[in-house]
Amino acid sequence: MDFQFTDEQTARRKEFFQVCSELEELKPAEFVGFEALYNFDSCWEYDRRCAKEFAKRGWLALHWPAEYGGSGAMMDRVLFSEARGYHGIPGVDVFGVGMLAPTLLAAASEEVKREFLPPIAAAEVTWCELWSEPNAGSDLASLTATAMKKGDEYIINGQKTWTTGAHKADWGFGVFKSDPEARSHHNLSFLLFDMKTPGITVRPLLYMNGETIYNEVYFDDVRVPAKNIVGQENEGWAVVNTLAGFERSNIDQIMGMVRGLETLVAYCNETKRNGQPLAKDSVIRNRLAQTACDIEAARSLAYRVADLQNRNEMSLMDASALKVFASDLGERLAFLATDILGPYGQVKFSRWAPMNGQWESLYHECFVFTISMGTNEIQKNIIAWYGLGLPRMK
Ligand SMILES: Cc1cc2nc3c(=O)[nH]c(=O)nc-3n(C[C@H](O)[C@H](O)[C@H](O)COP(=O)(O)OP(=O)(O)OC[C@H]3O[C@@H](n4cnc5c(N)ncnc54)[C@H](O)[C@@H]3O)c2cc1C
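Residues numbered from 1 in each chain as written. Predicted model: local features only at pLDDT ≥ 70, side-chain atom pairs only at ≥ 80, totals over all residues. Heavy atoms only, no water.

Colleague: Help me understand the nonpolar core, please; the structure alone is not making it clear to me.
Modeller: Soluble globular proteins tend to pack their nonpolar side chains together in the buried interior. Among the nonpolar cores identified, the biggest contains 92 residues, and Phe 54, Trp 127, Phe 173, Phe 190 and Leu 192 are the most heavily contacted of them. For Trp 127, the residues in contact, after removing those within four places along its chain, are Asp 93, Phe 95, Gly 96, Leu 100, Phe 116, Ile 120, Ala 169, Trp 171, Gly 172, Phe 173 and Leu 192. Core analysis: the second largest hydrophobic core is formed by 19 residues, Ala 147, Ile 156, Phe 176 and Ala 226 among them. (Core = buried A, V, L, I, M, F, W, Y, C linked by side-chain atoms within 4.5 Å. Buried < 20%, exposed > 50% of the residue type's maximum accessible area, 1.4 Å probe, protein only. Contact = heavy atoms within 4.5 Å.)

Colleague: Would you take a moment to explain the site of the ligand for this structure?
Modeller: Taken together, 17 residues lie around the ligand, and Ser 132, Ser 138, Thr 164, Thr 375 and Glu 377 are the ones closest in. Note that an oxygen atom of the ligand is positioned 2.7 Å from one of the backbone N or O atoms of Ser 132. Here Thr 164 contributes a side-chain N or O atom positioned 2.7 Å from a nitrogen atom of the ligand. Protein burial of the ligand: of its 970 Å² of free accessible surface, 64% is covered by the chains. The set of elements that each furnish at least two residues to the shell around the ligand consists of helix 12 (368-371) and helix 13 (376-387). (Near = heavy atom within 4 Å. Polar contact = N/O pair within 3.5 Å; in protein donor to acceptor, adjacent residues only side chain to side chain. Areas by Shrake-Rupley, 256 points an atom, 1.4 Å probe, with all protein chains shown as cover. Helix = DSSP H or I, 4+ residues; strand = E, 2+ residues; numbered from the N terminus.)

Colleague: Can you walk me through the packing of helix 10 (residues 316-341) against helix 13 in this structure?
Modeller: Viewed as axis vectors pointing N to C, helix 10 and helix 13 meet at an angle of 145 degrees, and their least axial separation amounts to 9 Å. Where helix 10 crosses over helix 13, the two elements pack in a sense that is left-handed. For the pair formed by helix 10 and helix 13, the contact residues are Leu 316, Met 317, Ser 320, Ala 321, Lys 323, Val 324, Ser 327 and Asp 328 on the first element and Asn 376, Gln 379, Lys 380, Ile 382, Ile 383, Tyr 386 and Gly 387 on the second. Of the residues that constitute the contact of helix 10 with helix 13, the class distribution is seven nonpolar, five polar and three charged. (Axes fitted to C-alpha atoms, helices over the stretch in contact; angles between N-to-C directions. Left-handed = near helix turned anticlockwise from the far one by under 90°. Nonpolar A, V, L, I, M, F, W, Y, C, P; charged D, E, K, R; others polar.)

Colleague: Sorry, what's going on with the packing of aromatic side chains here?
Modeller: The geometry of an aromatic ring pair is captured by two quantities: the separation of the ring centres and the angle between the planes. Evaluated as defined, the whole model comprises 25 aromatic pairs. With centroids separated by 4.8 Å and ring planes inclined at 85 degrees, the aromatic side chains of Phe 54 and Phe 80 adopt a geometry described as edge-to-face. Of this pair, Phe 54 sits in helix 3 (residues 41-56) while Phe 80 sits in helix 4 (residues 74-87), and the two are 26 residues apart along the sequence. Pairwise contacts between aromatic rings join Phe 116, Trp 127, Trp 171, Phe 173 and Phe 190 into one cluster. One Lys or Arg, Arg 84, reaches over the ring of Phe 80 and ends 5.7 Å from the middle of that ring. We note Arg 259 situated over the ring of Tyr 86; from NZ or CZ to the ring centre the distance is 4.9 Å. (Phe/Tyr/Trp six-rings, centres within 6.5 Å; stacked < 30°, edge-to-face > 60°. Lys NZ or Arg CZ within 6 Å of the ring centre and 35° of its normal.)

Colleague: I would appreciate a short explanation of unusual backbone geometry in the present structure.
Modeller: Glycine aside, negative phi is the norm for most residues, and most peptide bonds take the trans geometry. At Ala 123, a position not held by glycine, the phi torsion is positive, near 55 degrees. Here Ala 123 shows up in the loop between helix 6 (110-121) and strand 1 (127-130). Phi angles above zero are rare outside glycine, and Asn 234 is one such case at about 70 degrees. Relative to the helices and strands, Asn 234 is located in the loop between strand 8 (229-230) and helix 7 (236-247).

Colleague: Help me understand the pairing of strand 6 (residues 200-206) in this model?
Modeller: Remark: a regular strand shows side chains that alternate across the two faces of the sheet. Sheet topology places strand 6 next to strand 7 (residues 212-225); seven bridges connect them, and they run antiparallel. Within strand 7, the position partnered with Pro 204 by the bridge is Asn 215. Adjacent in sequence and paired antiparallel, strand 6 and strand 7 are bridged by five residues, among which Gly 210 carries a positive phi angle near 90 degrees. (Pairing = 2+ DSSP bridges.)

Colleague: I keep staring at the environment of Asp 220 and nothing clicks. Help me out?
Modeller: Note that Asp 220 resides in strand 7. Along the primary structure Asp 220 and Met 74 are separated by 146 residues, whereas in three dimensions their C-alpha atoms are 40 Å apart. Other than its neighbours up to four places away in sequence, Asp 220 contacts Ile 156, Asn 157 and Gly 199.

Encoded structure:
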């Protein structure tokens with residue numbers, strides 16, 4: 001791919017960064033780490049405010065085909081994500097805008113696209129993803145929640161878990177067993193449903209500190225219109241794979257690291273230990289430089305994945321490779337920062353917390369990215385099988 005931006009892209013990038021920089025000025029002080037979104041009303045309101053601002057500018061549908069209100073420019077979406085990631089701005093529903101919309105464009109009927117895409121572009125609804133179950137995570141195809149067709153409805157029963165933000169979301173997309181007799185991977189259907197439908201119960205999974213991000217969701221004879229199916233009945237596995245590719249290829253996280261590293265470098269330049277700036281310590285310099293190289297590599301990989309997506313040439317391996325590399329790098333960066341900061345790195349919401357406590361958040365959040373969106377071990381299997389053609393292990 002050509003890594004050089006066109007003049008038009010450079011101008012668009014500047015505009016994205018300008019707007020995100022202005023929105024950063026309005027960010028609530030308690031918005032530190034992604035968990036804050038679900039735990040402070042002020043942060044949720046800020047998220048919705050940013051979403052409306054982006055919707056007004058058409059930025060939630062940037063890469064959509066023109067007939068659905070977009071410009072078809074995948075690179076614009078990447079540049080916008082970069083700006084948001086760098087300034088740490090929410091406002092793009094990772095489930096609705098990031099995952100579901102491109103999946104609908106790729107796999108849904110015209111009727112479903114016409115009904116569900118406009119509210120996503122207008123930031124009128126938020127979504128959650130209901131895939132995992134207590135006994136089906138990595139091996140998702142072994143899930144047991146059912147959606148049985150009866151007339152012009154599906155009746156859903158069963159339990160999902162680890163549903164991020166289900167306590168806030170308006171709508172959900174989920175995968176269910178729709179033919180218990182059919183062979184594995186050809187027995188699942190992908191459905192869209194209003195989270196307020198009678199029979200859906202959301203139970204928050206409380207953190208030790210009382211915060212909530214994830215939930216258990218119970219379905220008890222939940223009736224969903226049959227027209228809300230994405231793809232064909234019993235062929236939901238193909239839809240799952242399409243969505244997973246979009247789920248694993250976000251660049252915002254990488255740009256968050258670019259900003260994080262900049263802040264860390266500034267801290268090392270300004271902070272003296274034993275009479276010397278930290279930036280003169282050869283071990284620290286070495287690790288900062290290595291991290292800078294790794295972040296640049298992750299960024300290039302993300303551009304490449306976006307370019308492949310744009311040309312409809314992305315393989316399962318490309319998104320998996322980016323996901324593994326970026327999530328491992330997120331961990332290394334968090335470890336580096338906490339090594340440099342020492343005990344102060346464990347403090348948040350305190351005058352003793354360097355850099356507004358962002359590293360405390362990143363340190364305890366960084367592990368989740370190696371698990372969510374399919375664990376890194378599973379991604380490595382995908383790379384081995386589909387990318388390198390290695391045999392499957394028994
Ligand atoms: C922060 C976070 C947010 C999440 N949000 C959502 C959400 O919104 N919606 C949703 O549906 N789910 C969500 N999940 C669930 C997530 O998708 C699952 O946790 C993940 O797929 C792993 O499944 P599991 O937890 O059941 O672990 P398991 O599948 O039980 O795996 C346990 C361990 O065994 C390893 N392992 C399993 N099988 C293999 C294999 N074949 N080869 C090598 N190693 C293997 C795994 O890598 C892992 O280390 C979220 C999880 C996290 C951590």
